[in-house]
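Below are the chains, spelled out letter by letter.
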Amino acid sequence: MWIFSVLHQHKLLSVWTRSLQKPGLISRGGSQFASYHFTATLLCPEDSTALKRRRRVSIASSVQRKPVASDGWQHRERSGQSKAWKNDIPVLQKPNQRRGEDNRVSSELRKLCIEDFPADRERQLKQKSTPDSKVENYEIVFGIAPCVLALTQGRRKAHKLFVKDGEASLRASMLKVCEEAHRRGVHIHRVSKKDLDKMSSGRVHQGVCLQASPLHYLTENSDSAPKRNNNTPLWLVLEGIQDPMNLGAILRSAYFLGVDRVASSLRSSCPLSPVVSKASSGVMEVIGVYGYKNLEDMLRSKVEQGWQVVGTVGAEAEQSNIPVTQCSDFQMTKPTLLLMGGEGEGLSKELLSLCQTLLTIPAGRELFPGIESLNVSVATGILLHSLLSSRRSTR
């Protein structure tokens, strides 16, 4: 029925338009407007409401124009149209309405406007999904284990937790991170993977990042009361470890095997960064790492207290006055300091001169030149396991 009515109107309008296009009857602009308006409405009936608004605004603007004295018929036609559509024109502002009241927009409409303009929506989300720039002296901890332990251990001051939006946030490990953050009053923000990649500088974040204060090397002044046990103490002393991945792996092995303390030189050593925490699977958040400006003074002080200093060398080390022993033959019978040198250079001559014994790891085969040594983190794990096993066998 509606289609028949529309087609009938279209036919009448076409006849009427052709009759009006004769010279002297109506301007071509009005004919084009009527024909275009009806055609657009017929092709897109769902947009008829929007087109009606356009027609009303156009008519309202035409009514406000001053009539031309030489064209009286056109003035009367426009006046008739304005009277016919007078009740249909929406009132944009009442005469006594205040100027600021028309700017009041509901929250639903504001939301729709934001969605219509992605740039504005992206800017608002960006303000919420980025670390707080007002917080001074902070860093981004990434990874599930580092974030959980950073929250539970309380050595850092946490500010914001960023979690990847989507199904990944429903995993049990992710829920645990959010639960610990919520329990401590840390704000949780769901962000995209792109934002997390940017926060972690492209590293493996496992869908979670934490904005928190940094960790630093401990000092003797910050030393808490040591835990008393019946085991012979073993300290791991690191000199010049520059690779954060190696340092993280060393911390993880030291914590797992039961080292009593980890000490490091502050000079030529990498800081306790989030990369170290991730490489240690969060162990850096638990175990305290002590930093010393002068390792020589600390070693001499321990020797005076009855500790033994044990260094490490390669299998093809140069002959020296210090005895070299395979790690499997060494027995730890008193408090021991195990020294590990940095990548490439090894222990400095100053620290080697303080060693009482040098340990080596025997190779299981004939080695090609250039690959006679182990990675420092792997060698540290082997030596720690050997020394701590000998400690247990001498109880």
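Along each chain, the written sequence defines residue order, and numbers are assigned to residues from 1. Local features in a predicted model are, by the rule used here, given only for residues with pLDDT of at least 70; side-chain atom pairs are given and counted only at 80 or more, and totals for whole chains, interfaces and linings are based on all residues. The basis for every side-chain value is the complete set of heavy atoms in the structure, and neither hydrogens nor water enter the calculation.

Hey, could you go over the overall build of the protein chain for me, with residue numbers and the actual values?
Check the secondary structure of the protein chain and you find 14 helices and 11 strands. The contacts of the protein chain with a sequence gap of at least 6 include a subset with a gap of at least 24, amounting to 85%. Summed over all atoms, the accessible surface of the protein chain reaches about 25700 Å², with 52% contributed by carbon and sulfur. Think of it this way: any DSSP run of H or I at least four residues long counts as a helix, any run of E at least two long counts as a strand, and we number them from the N terminus. The contact rule is simple, with two residues in contact once any of their heavy atoms fall within 4.5 Å. Using a 1.4 Å probe, accessible areas were evaluated by the Shrake-Rupley method; residue-level cover was limited to the displayed protein chains.

Go over the sheet that holds strand β3 (residues 187-191), please, and point to the residues and values.
A strand pair is defined by DSSP finding two or more bridges across the two strands. The 4 strands lie next to each other as β1-β4-β2-β3, forming an open sheet whose pairing is mixed. Each edge of the open sheet is held by one strand with a lone partner, namely β1 (139-142) and β3. With direction set aside, neighbouring strand axes in the sheet form an average angle of 25°. Two strands pair when backbone bridges link them, and strand β2 (residues 158-164) and β3 are joined in this way by 5 bridges, in the parallel orientation. Counted as the bridge partner of Val163 is Arg190 from β3. Only the contacting stretch of a helix is used when fitting its axis, a line to C-alpha atoms as for every element, and angles between N-to-C directions run 0 to 180 degrees. Running at roughly 35° to strand β4 (residues 208-212), helix α7 (residues 144-153) makes contact with β1, β2 and β4 of the sheet. Most of the contacts of helix α8 (residues 172-183) go to β2, to which it runs at about 155°, and overall it touches β2, β3 and β4.

Would you mind going over the pattern of salt bridges in detail, with residue names and values included?
One side-chain nitrogen of Lys or Arg within 4 Å of one carboxyl oxygen of Asp or Glu is enough to make a salt bridge. Overall, the coordinates contain 9 salt bridges when judged by the stated rule. The salt bridge involving Arg300 is made with Glu296; its shortest N-O contact spans 3.7 Å. You can see Arg300 and its partner Glu296 sitting in helix α12 (residues 295-304), 4 residues apart, about one turn around the helix. Here Arg300 falls in the partly exposed class, since its relative accessible area comes to 40%. Note that Arg300 is salt-bridged to Asp297, the shortest N-O span being 3.9 Å. You can see Arg300 and its partner Asp297 sitting in helix α12, 3 residues apart, about one turn around the helix. Partly exposed residues are those whose accessible area sits between 20% and 50% of the maximum for their type, while under 20% is buried and over 50% is exposed, using a 1.4 Å probe and protein chains only. Residue classification places Asp297 among the partly exposed positions, given a relative accessible area of 46%. Sharing partners across several salt bridges, the network here consists of Glu179, Glu180, Arg183 and Arg184.

A description of the sheet that holds strand β8 (residues 308-312) should follow, citing residues and the corresponding values.
Pairing within the open sheet is parallel, and its 7 strands lie in the order β7-β6-β5-β10-β8-β11-β9. On the outer flanks of this sheet lie β7 (289-292) and β9 (324-326), each paired with one strand and no other. The mean inter-strand angle of the sheet, taken between neighbouring strand axes irrespective of direction, is 30°. Of the strands in this sheet, β5 (234-238), β6 (261-265) and β7 are in contact with helix α10 (residues 244-257), which crosses β5 at around 175°. Lying over the sheet, α12 contacts β5, β6, β7, β8 and β10 (336-340), oriented at roughly 160° with respect to β5.

Any details on α7? Residues and values, ideally.
Considered for burial, the residues of α7 that qualify are Ile144, Pro146, Cys147, Val148, Ala150 and Leu151. Where α7 is buried, its residues meet β1, β2, α8, β4 and α11 (274-279).

I'd like a rundown of unusual backbone geometry, residues and numbers included.
The phi torsion at Ser201 lies on the positive side, around 60°, for a residue other than glycine. By secondary structure assignment, the location of Ser201 is in the loop between α9 (193-199) and β4. In this model, Ser268 sits at a positive phi of 60°, which is unusual for a non-glycine residue. Its place among the elements puts Ser268 in the loop between β6 and α11. On the accessibility criterion, Ser268 (43% relative accessible area) is partly exposed.

How would you explain the pairing of β4 if you had to name every residue and give the values?
The side chains of a regular strand alternate, first on one face of the sheet and then on the other. With 5 of 5 residues buried, β4 lies mostly within the body of the structure. Burial along β4 is two-sided: the face carrying Val208, Leu210 and Ala212 and the face carrying Cys209 and Gln211 are both buried. Sheet topology places β1 next to β4; 4 bridges connect them, and they run antiparallel. Within β4, the residue paired with Glu139 across the bridge is Ala212. The pairing of β2 with β4 spans 5 bridges and is antiparallel. Pairing of Val163 across the sheet is with Val208, part of β4.

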